[in-house]
Amino acid sequence: MNRKLIAAATAAVTAAGLTIAVALTTSATAADTADPALLVAMARDLGISSEQARERLDAEKVAGQTDAALKSRLGPAYAGSWLDSTGHTLTVAVTDPALASAVRSRGAVATTAKHSASALDSAKIKLDAKATTAPDAVPGWYVDVRANKIVVLTHAGGEAQAKAWTAESGLRGDMVAFETSTENPKPLIDVVGGNAYGLPGGGRCSIGFAVEGGFVTAGHCGAAGGRTSNPGGTIQGSSFPGNDYAWVRTDAGNTPRALVNRYPGTVPVAGSQEAPVGSSVCRSGSTTGWRCGTIQQKNASVTYPEGTITGLTRTNACAEPGDSGGSWLTGDQAQGVTSGGSGNCQSGGTIYFQPVTEILQAYNLRLMTSAGPTTTTPPTSTTTTTPPGGGGSWAPYTSYADGAEVTYGGASYRIIQPHTSVPGWEPPNTPALWQRL
C-alpha cells in the first residue's frame, strides 16, 4: 500500500475512534501480506471496495493488538470489546468509569458496562453445565459483549421454557436476554472446506489447518482411532459433542503446508492471533468456495441433534453442507474450523466455528505457519489447579483458575485470564494473562 494512502487512512481512522498510528507507517501492514484473492472475496461479501478491504485488514490487525494490551491493563474491569461495522472503530467496555481514560489513551472508544467479561463468561458456564437439560426450543446461547448479557436463542413460542431453564441454572435476570431465532444448527458433515479427505466408513470432510505431523478438523467428522484417506492418517483425538474438534496424524509421505485452499489458489497461514468481535473473517469450503463475513459473537453454545457444543465463535459468513471442518482466517491469521450452523449462501445464514487455539491447546499441537511450526500449548498431561489466593510459585503445565495468585521472580501476580501454563508463558512475559500486584 502507498505510504501516503496509509497516512491518510490513519488520519481517517483516528477521527473515527481507533488510532492505528505508527505501526502502519513504519512496517509491513496486514494488507501488504494479504493474498489478493482474500481481498477480492472480502470486497464481494462485505460490500466494500478493494482499497477499503486493505484498510480494514490494517485496522483490524492493530485493533487486535490494542485489545490485548487493554485487556491486560484493565484486568477484572475489562468488559469486552468490538469493532464497528466498518472494522475501523474499536470500542472497549469497562465496569469502572475511572478507567475510561486508559481506553482512550490507546485510541479506542470507551464505554461503561455493568458486568465484566469474566463475570459473563462465568455465568455462561452455568448454562453450559446444564446443556443436557436445555429445551428443544433453545438452539444455542452466547456472550454478547455489545449487549453486556448472555443471549439465549429461542424458537418461536419457546421463550417461557427458555426462561424457566435459565432460572434453574441460577443466572441473574439482569444478565440474560432472550432472542427469537429460526436457527436449527447441525454439523455440516458430508462436505469439504479446504482440501477434502475421506472419512472412516465413507464420506468426506475437510482439512482445517496443517499442524506438525498432520492436520486439525471438526470432531463430528470421525472418532479417535478411525482411518482417513487422501491423505491417509489416523484420528489421534476427537471431541464431539461438548467440543467439535479433532486432529489427524497423517501417514509418512504426506507433507503439511502452511496454506489454505481458496478455490483456486492458496492463502498462507502466518499465525493464530485471535481477531476481535466485529472483525472480518473468511472461510474455505469446497461446496461454496471462499466466503467472507464478520465475527458476531464469541463463546457461543449451540445444540445439535447429537448434543450441545460450547465455546464456538458465531459468524454471518455463509456455508452449506460440504463445508465442515474447513479453515477460517482473518487476514493470514488462523481463527478456527467449521462446525455447523443454519441457512445457505443464497439467503444467508449463521455459521459457527471452533477456535483453532483451543484445538492446539487440547492436543499440544504446533500450527504450521509460513515461519515454520509454532508451539502454542503444553502437553495434555496431568495438571493441578491453583485456587485464588493460593500464593504458590508459578509452574508450567498447571491450570490456573480465575483470581489465582502466584509468585515469580520475587513478584506477585494475579490471573486475569484462566489458562493452562506452558514454558514461555511466565507472568512477566504474558501481561494478557497475569496482572502484577
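Residues numbered from 1 in each chain as written. Predicted model: local features only at pLDDT ≥ 70, side-chain atom pairs only at ≥ 80, totals over all residues. Heavy atoms only, no water.

Things to note about the overall build of the protein
When its secondary structure is counted, the protein shows 8 helices and 31 strands. Excluding contacts between residues fewer than 6 apart, the proportion of contacts in the protein whose partners are at least 24 apart in sequence is 56%. Here the protein displays about 17200 Å² of accessible surface, and carbon together with sulfur accounts for 51% of that area. (Helix = DSSP H or I, 4+ residues; strand = E, 2+ residues; numbered from the N terminus. Contact = heavy atoms within 4.5 Å. Areas by Shrake-Rupley, 256 points an atom, 1.4 Å probe, with all protein chains shown as cover.)

Focus: the nonpolar core
Core analysis: the biggest nonpolar cluster contains 27 residues, and Met42, Leu57, Phe209, Val216, Val269 and Trp290 have the highest contact counts within it. If one sorts the elements of this core by residue count, helix H3 (residues 36-46) sits on top with 4 residues. Ignoring sequence-local partners within four residues, the contact set of Met42 consists of Gly47, Ile48, Ala53, Arg56, Leu57, Ser280, Cys282 and Cys292. Residues Ala79, Ala134, Trp141 and Val176 belong to the second largest nonpolar core, which totals 21 residues. (Core = buried A, V, L, I, M, F, W, Y, C linked by side-chain atoms within 4.5 Å. Buried < 20%, exposed > 50% of the residue type's maximum accessible area, 1.4 Å probe, protein only.)

Details of the sheet that holds strand E31 (residues 434-436)
Here 4 strands make up an open sheet; going across it, the order is E26-E28-E29-E31 and the pairing mixed. Lying at the two open borders of the sheet, with one neighbouring strand each, are strand E26 (392-393) and E31. Pairing of strand E28 (residues 405-408) with strand E29 (residues 411-415) involves 4 bridges; the strand directions are antiparallel. Bridging across to E29, Thr407 finds its partner in Ser412. (Pairing = 2+ DSSP bridges.)

Points about the packing of H3 against helix H4 (residues 50-74)
Relative orientation of the contacting elements H3 and H4 amounts to 105°, with a least axis distance of 8 Å. Classified by the interaxial angle, the pair formed by H3 and H4 is roughly perpendicular. In this structure, H3 contributes Leu38, Leu39, Met42, Ala43 and Leu46 to the contact, and H4 contributes Ser50, Ala53, Arg54, Arg56 and Leu57. Classifying every residue of the contact of H3 with H4 by side-chain character gives 7 nonpolar, 1 polar and 2 charged. (Axes fitted to C-alpha atoms, helices over the stretch in contact; angles between N-to-C directions. Parallel < 35°, antiparallel > 145°, perpendicular 65-115°, else oblique. Nonpolar A, V, L, I, M, F, W, Y, C, P; charged D, E, K, R; others polar.)

Notes on the sheet that holds strand E2 (residues 90-94)
A sheet is described by the order of its strands in space; here 3 strands give the open sequence E1-E2-E3, paired in mixed fashion. Among the strands making up the open sheet, the edge pair consists of strand E1 (78-83) and strand E3 (109-112). Direction aside, neighbouring strands of the sheet carry axes that sit 25° apart on average. As judged from the 4 bridges shared by E2 and E3, these two strands associate in the parallel manner. When the sheet's bridge partners are listed, Val92 is paired in E3 with Ala110.

Some details on the confidence of the model for the protein
Averaged over all residues, the pLDDT of the protein is 84; the fraction at 70 or higher stands at 84%. Low confidence marks residues 1-27, where pLDDT is under 50. Its contacts with residues over four positions away, or in another chain, come to 42 contacts. (pLDDT = per-residue confidence, 0-100.)

Re helix H6 (residues 117-129)
Every α-helical turn comprises 3.6 residues, leaving residues that sit three or four positions apart pointing alike. Compared with the 18 Å implied by 1.5 Å per residue over 13 residues, the 19 Å span of H6 between its first and last C-alpha is a close match. Buried within H6 are the following residues: Ala117, Leu120, Ala123, Lys124, Leu127 and Asp128. With its buried residues spanning 155° around the axis, H6 presents them on a single face. Counted as exposed and oriented over 90 degrees from the buried face of H6: Ile125 and Ala129. Among the structural elements, E1, strand E4 (140-144), strand E5 (149-154), helix H7 (159-168), strand E18 (289-304) and strand E19 (307-315) are those in contact with the buried residues of H6. (Expected span 1.5 Å × (residues − 1). Arc of directions from axis to C-beta.)

Details of the environment of Glu358
Counting through the fold element by element, Glu358 comes out in helix H8 (residues 356-363). On the basis of relative accessibility, which here comes to 25%, the residue Glu358 falls in the partly exposed class. Expressed as a C-alpha distance, the spacing of Glu358 and Gly311, which sit 47 residues apart in the sequence, is 9.0 Å. When neighbours within four sequence positions are excluded, Glu358 is seen to be in contact with Asn243, Tyr245 and Gly311. At a separation of 2.9 Å, a polar atom in the side chain of Glu358 contacts the side chain of Gln354. (Polar contact = N/O pair within 3.5 Å; in protein donor to acceptor, adjacent residues only side chain to side chain.)

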